[in-house]
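Understanding the architecture of this molecule
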Amino acid sequence: MIKLPNTLGFRLTLWYATAFLVCLVAAFLALYLSLNSILNSRMDDDLREDITEFQDWFTEEGLEKVTYEIEREAASSNESEIFLRLYDGRGNLVVASDLSDWEGLDLATLSPQQMDISLSHPIFETIKLSGQDYPVRIISGVIGPHTILQVGETLEKKEEIMELLLKVFAGMFFLGIPLASGIGWLIARTAVKGIEEVSRAVKDLEMGQLDRRVTVRGQGDEIQTLADSFNTMAARIKSLIHEMREMTDNIAHDLRSPLGRIRAMSEVALAESESTKDYKRTAADILKECDRLIHLINTTLDMAEVEAGVTHTIKEPINFSKLIADLCEFYEPVAGEKHIALTVTLEPNCQLSGDKQNLQRMVANLLDNAMKYTSPEGQIRVELTRSPQEFHLTIADTGVGIPLSDQQRVFDRFFRCDHSRAQDGCGLGLSFARSVARAHGGDIFVESESSQGSIFTSILPVTPSTQ
Amino acid sequence: MRILLIEDDQIIANFIQKGMKEAGFTIDHFDDGSIGLHAALTGNYDVGILDLMLPHMDGLSILDRLRVEKKNLPIIILSAKRSVDDRINGLRHGGDDYLIKPFSFSELLARVESLLRRAQHVVEPTSLSFQDLSLDLLARTIVRDGIKIDLQPKEFALLEYLIRNAGHVVSKTMIMERVWDYNFDPGTNVVEARISKLRDKVDKDFATPLIHTVRGLGYVLKGKDD
């Protein structure tokens, strides 16, 4: 899976291994240094103890005892590990343990520095002898008047421990490289696996598999979130494409019907028309169908423009009350022809800022809708009220009403209730009205009861558009 | 009056040429952008009708050149592009009007005449008359055959619009735009209802009807002998 060094998996592995090894080295260094220091101070304590012991012997039993103990002490340990030498006040050697194993130790006399010591502060030195593999730790301390004892002990044992430790560490280090890489790779793989799964799904989606979803077994981690987001997005794309197909089908249908009529009318005219009058009638009918087509296309485009964003619409201050009053007046003759009682109650001077033409179309579409579906002698009530935040425009009719099953869909593009198919119109009026309301930060709702009438309510916010 | 038409769609061009000749204009047609520009720069025209998508030189470039070299030829842009941005862009390049395809001939004619009136600084009349009908634009009164007719303000405006375009067909869309300043399809037969009310007042009690319906196109104000 991780073939190229330029993958996230490889980088994660590398980082993990490096971090692991750095921690290992740091831990070892800490261990090594503290152990070294502990061993050193323990040896110094031993040496200091020797001096104190000899001081006591010297004070209590004199020089003979000291000389005797020097021999015994060296013999009791191993003469190659420890040596003892006694000097007089002038720095001359008085007595020493067996120095045959201590080649290179030729200090018959003490150095001035070694002479210059006090009773309480013996001095320590570490020296390297030519005949020895390991350094020697030497203490020089005063054990009595004009008597200086020097004890030297090889650091062999301590150095051996440190060497062993170093070897163990080296082993661990070289074993750690593959181990850390392995663990790192496993961790990286787990992390990257989900991403790769999503990435494959994206490719599949791109190839047109709209039903592709990602299944990641996670516990709400980031990969799970990513997978969930992807799944939501894929579902949205699927529904959008579905919607688009449906709409294309609808448009195609709505384009095809008038085109079919135009074609039929032209054929009939060519085959049967005898007088100019016949041709004229056909031409007029064709014009009507063309206007219907143009209207359909324009409305579809206008709606797309409105929905593309409020930023695109031109905003100007509008007296919404007057806009509605003018339109009601405009539609009044239609109501009059059908003997519909049109009651208009408007809160005066409702100011808002928006796209005037589109708001006119919104109100006109609602009025037109009410006029179409209200039977003669019916009633239409138009009401505009305002609350501190919103304008409520209510247009209630006593028309045929909308069945409950269709109420959600009346705002869908190209949707037409069964009883409305006989009416003129392209099924875009209400959906255009809602697009406009939404572009102005509002919305349109419908309440309706079959054969009782419908109430359309458009709610537009007073702010921010009135700023 | 001479009109220059630069349009590469032969059917649209024929349609415009035929209509304009019938309306009493002389019209020259070019279907190529650069040739059209040459004609515009050298010929003597009163108004230009310019398509935007043209071979060799597009309409906006022609406008740019025209405005640099010969500032005062009024131009109507014809275009299938109908977004607000496209319209603003066309006017910004120096177009005087912007008409969206497809359009009705009466709409184009009305706009051409309006541009010509503007270019000739025609003084606004204070009264209009057509046959036995006369409108006093200041007093807002109407007299037909010596009888005073009472009209609502919008009815007055509608009649005024019909008189101003007497003899020419005006479409429902044009009436909506010019009389009510509405740019939408009213859906129901609002304009028909309005015209019918106006007829009741202007034509009903007189022997000769003046307001006529032209099937499929719109309405026209004309007398018996027209």
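Overview of the structure. In every chain, residue numbers begin from 1 and rise along the written sequence. Each chain is given a letter, starting from A, and each ligand a number, starting from 1, according to the order in which they appear as written. Only residues with pLDDT of 70 or above have their local features reported here, since the model is predicted, and side-chain atom pairs are shown and tallied only from 80 upward, although totals for entire chains, interfaces and linings are computed over all residues.

Moving on to unusual backbone geometry. For the peptide bond that leads from K101(B) to P102(B), omega is -5°, which places it in the cis range. By the secondary structure assignment, P102(B) is in the loop between strand 5 (97-100) and helix 5 (105-119). Even without being a glycine, H146(A) presents a positive backbone phi close to 55°. What counts as a helix is a DSSP run of H or I of at least four residues, what counts as a strand is a run of E of at least two, and both are numbered from the N terminus. Within the element layout of this structure, H146(A) appears in the loop between strand 4 (136-144) and strand 5 (147-154). For H56(B), which is not a glycine, the phi torsion comes out positive at approximately 75°. Whether a residue is buried, exposed or partly exposed follows from its count of other C-beta atoms within 10 Å of its own C-beta, namely 20 or more, 12 or fewer, or something in between, respectively; the C-beta atoms are built from the backbone. In this structure H56(B) comes out as partly exposed when scored by C-beta crowding, with 13 C-beta atoms within 10 Å.

Contacts between the two partners involve 20 residues from chain B and, on the opposite side, 26 residues from chain A. Of the residues forming the side of chain B that touches chain A, the biggest block, four residues, is contributed by helix 8 (residues 190-202) of chain B. Polar here means any residue outside two lists: the nonpolar Ala, Val, Leu, Ile, Met, Phe, Trp, Tyr, Cys and Pro, and the charged Asp, Glu, Lys and Arg; Gly therefore counts as polar. The residue inventory of the side of chain B that touches chain A, partitioned by class, reads nine nonpolar, six polar and five charged. Remark: residues whose backbone-derived C-beta atoms lie within 7 Å of one another are considered to be in contact.

In a beta sheet, neighbouring strands are held together by backbone hydrogen bonds and run either parallel or antiparallel to one another. Residues and elements named next belong to chain B. The pairing criterion for strands is at least two bridges between them, as found by DSSP. Taken together, four strands build an open sheet; the order of strands is 6-7-8-9 and the sheet is antiparallel. On the outer flanks of this sheet lie strand 6 (127-130) and strand 9 (147-149), each paired with one strand and no other. The average angle at which neighbouring strand axes cross in this sheet is 20°, direction not considered. Only the contacting stretch of a helix is used when fitting its axis, a line to C-alpha atoms as for every element, and angles between N-to-C directions run 0 to 180 degrees.

Turning to helix 1 (residues 10-22) of chain B, a few remarks are in order. The terminal C-alpha atoms of helix 1 of chain B, which comprises 13 residues, lie 18 Å apart, in line with the 18 Å expected from a rise of 1.5 Å per residue. Just downstream of helix 1 of chain B lies G24(B), where phi reads positive at about 95°. One less than the number of residues in a helix, times 1.5 Å, gives the span that helix is expected to have.

The subject of this paragraph is the pairing of strand 3 (residues 47-51) of chain B. Residue and element names in this part refer to chain B. For strand 3, the buried fraction is high: five of the five residues fall into the buried class. Neither face of strand 3 is left uncovered, since the one carrying V47, I49 and D51 and the one carrying G48 and L50 both have all their residues buried. Sheet topology note: the strand 3/strand 4 (residues 75-79) ladder contains four bridges and is parallel. In the strand pairing of strand 4, G48 is matched with I75.

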